Amino acid sequence: MNKSRVVALKANKRILFWTKLLVEIKALNAIITLFYIQRGISVGEVLYLSVIWSVTALLLEIPSGYFADLFGRKKTIILGVLLHSLSISLMFVSFSFPMFALSIALASAGYACFTGTDSALLYDSLKEIGDEKSSLRVSGKYYSASRFSKIFIPLLGAILAKNLFAWQFNVLISIELIGALISLILANKLTEPNKHMDVSEKEEGMFKDSFKLFKENKLVRKFALNKSFVFIGILIIWRIYQPHLKSVGASIIVLGVIYAIFQLLAFLSLWLSDKIQKRITGYSFFSLPVFMGIISIFVFMFSQNIWFLSVATILLMILGTVRDPLFFQQINLHVKSFNRATTMSVLNVIKSIFDIPILLLVGYLADIDFKYVYLMVLSLFVYSLFFLRIEKKDIQLVDTK
C-alpha cells in the first residue's frame, strides 16, 4: 500500500467526523417539539412523525446498507447528505402534518444512508491500515461528532427563538441548511476503503448472510434488541420532555441550557469512552445507565420540581447515546467485514419494527395523559434490563497489544 493511500485512509476518520458534525447541527433541537406545536400539530402528532421516520427506516435501512456494500460507502454517505439537505429545505414551508411527514421521511432516508455505512467505512479503513484495535476509540470520537456542535448551537437557537416567532424559526432552519451544504463538500473528500472478503464469503451473499447472522446468532440479536428498546424509550422522552418542562415553569432559555448540558456530557462520555471503559466493566456500562434511566422516569412521574426534572432529563438523554461505542465494538466483533454495512442496517430495522406499534400507541396516550407514556417507557427499560440483560460472558474482549 502506498503512503498516499495510507494518509487518505487515516484522514477518513477526521473527514467523516466533520461531515457528521455539520449534518447534526440541529439548531432547532432544544425547542423542536415546541416548534412543531407552534406550526399547528399536537404532541400526539409529533410522536406520529416518529412513526413516519421508523416506517421510512424500515423500508430503506436494508437497501441503503446493501447499496453501500455493492457500490461504495462514500456514495451512500453523499446521498444521505443530499436527502438531509432537502428535508431541511422543506421545513421552511411546512405548516401541516403532511408536509412535516414528507420532511421527516426524507430525513429518515438520509439517516438510513449513514447508519451502518459510516461505521463500515470507519472500521474497514482501520482494518486496511492494520489498526482495528483502535475501533473503540475512533468510534467513540466519531459518535461524539453528533454531539459537539449541539453543545452550543441549540442553546443559541433557544436564545434566538425565545419568543417562538416565525422569522426566528427560519433563521435556525437556515443555519442547519448551511451546515448540510458544507457537509456535502466534505463528504466528497472521503476515500473508499477496500472490502475484506474471501471467495466463500462473496458467494454466500451479503444480503443472505446478514439475515442469517441475525437469525442464528442469539448474542447479536440480544445486543440489537437491548439497544433498540432503550433507544425507543429515549425517543419517546425526547418528543415530550419540552412541553412537560414548559408546563411546570421552564422557560425557553432553561430548555436550551438543559439541552446544552446534556450534549456536553454526552460528547465527553463518547470522546472518552475508551478511558471510561477501562474503569467501568463492559457489563456495568451496559446495565448501569438503564438503571439510572428507570430512576429518572419515576422523577418524571411523581415530581413537579423543575431542578429534579432537569437532571432526570439530562440523564435520560445521555442514556440514549453513551452506550453506542460499546455496542459498535461488540456487534462488529461478530460481523464479517465485507457486509458490515448491510448487517448493521438489518439491526437498525429491528428497532423500526418495534418503533411503529409502540409509537402509534404512545401517540394516542400522549394526548390523554403523559403518565401513561412514562409507564410505557418504564416497561421498555425494565424489559431491557432484566430480560435482555447483557452479561459478563456476553462481552468479547479485544486484544489491544
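Residues numbered from 1 in each chain as written. Predicted model: local features only at pLDDT ≥ 70, side-chain atom pairs only at ≥ 80, totals over all residues. Heavy atoms only, no water.

Examining the pattern of salt bridges
Oppositely charged side chains may form a pair once their charged atoms are brought near each other.
Line of reasoning, step 1. In total, this model carries one salt bridge according to the counting rule given.
Line of reasoning, step 2. Note that K20 and E24 form a salt bridge whose closest N and O atoms lie 3.5 Å from each other. The exposure classification of K20 matches that of E24, with both residues buried. (Salt bridge = Lys/Arg side-chain N within 4 Å of Asp/Glu carboxyl O. Buried < 20%, exposed > 50% of the residue type's maximum accessible area, 1.4 Å probe, protein only.)

Some details on the packing of aromatic side chains
Line of reasoning, step 1. Enumeration over the complete set of coordinates arrives at 17 aromatic pairs.
Line of reasoning, step 2. Ring geometry for F17 versus W18: centroids 5.5 Å apart, planes at 80°, classification edge-to-face.
Line of reasoning, step 3. The exposure class assigned to F17 is buried, which follows from its relative accessible area of 13%.
Line of reasoning, step 4. For W18, a relative accessible area of 42% translates into the label partly exposed.
Line of reasoning, step 5. Ring geometry for F223 against F286: centres 5.5 Å apart, planes inclined by 55°, an arrangement best described as tilted. Of this pair, F223 sits in helix α12 (residues 218-247) while F286 is found in helix α15 (residues 282-302), placing the two residues 63 residues apart along the sequence. (Phe/Tyr/Trp six-rings, centres within 6.5 Å; stacked < 30°, edge-to-face > 60°. Helix = DSSP H or I, 4+ residues; strand = E, 2+ residues; numbered from the N terminus.)

Considering the side chain of T33
Line of reasoning, step 1. With respect to the element layout, T33 can be found in helix α2 (residues 32-38).
Line of reasoning, step 2. Contacts of T33, omitting those with residues within four sequence positions, involve V46, W238, R239, Q242 and P243. (Contact = heavy atoms within 4.5 Å.)

A closer look at the nonpolar core
Across soluble globular proteins, you tend to see nonpolar side chains buried next to one another.
Line of reasoning, step 1. Residues F35, Y36, I236, I297 and F381 are the most contacted members of the largest nonpolar core, which totals 87 residues.
Line of reasoning, step 2. Looking at this core, the element that brings in the most residues is α12, giving 15 residues.
Line of reasoning, step 3. I15, V23, I78 and F114 belong to the second largest nonpolar core, which has 16 residues in total. (Core = buried A, V, L, I, M, F, W, Y, C linked by side-chain atoms within 4.5 Å.)

A look at the packing of helix α3 (residues 43-71) against helix α5 (residues 97-114)
Line of reasoning, step 1. Between α3 and α5, the shortest axis-to-axis distance is 8 Å and the interhelical angle comes to 35°. Handedness of the α3/α5 crossing: right-handed. Judged by residue contacts, E45, Y48, L49, I52, W53, T56, A57, L60, E61 and S64 of α3 engage F97, F100, A101, I104, A105, A107, S108, A109, Y111, A112 and C113 from α5.
Line of reasoning, step 2. Taken together, the residues that form the contact of α3 with α5 break down as 16 nonpolar, three polar and two charged. (Axes fitted to C-alpha atoms, helices over the stretch in contact; angles between N-to-C directions. Left-handed = near helix turned anticlockwise from the far one by under 90°. Nonpolar A, V, L, I, M, F, W, Y, C, P; charged D, E, K, R; others polar.)

Concerning the environment of L122
Line of reasoning, step 1. By the secondary structure assignment, L122 is in helix α6 (residues 117-128).
Line of reasoning, step 2. Classification of L122 as buried rests on a relative accessible area of 4%.
Line of reasoning, step 3. In this structure, the C-alpha to C-alpha distance between L122 and N12, residues 110 residues apart in sequence, is 7.1 Å.

Some words on the environment of L270
Line of reasoning, step 1. Structurally, L270 is set in helix α13 (residues 252-271).
Line of reasoning, step 2. Accessibility expressed as a relative area gives 1% for L270, which makes it buried.
Line of reasoning, step 3. Distance in space between the C-alpha atoms of L270 and I318 is 9.9 Å, their sequence separation being 48 residues.

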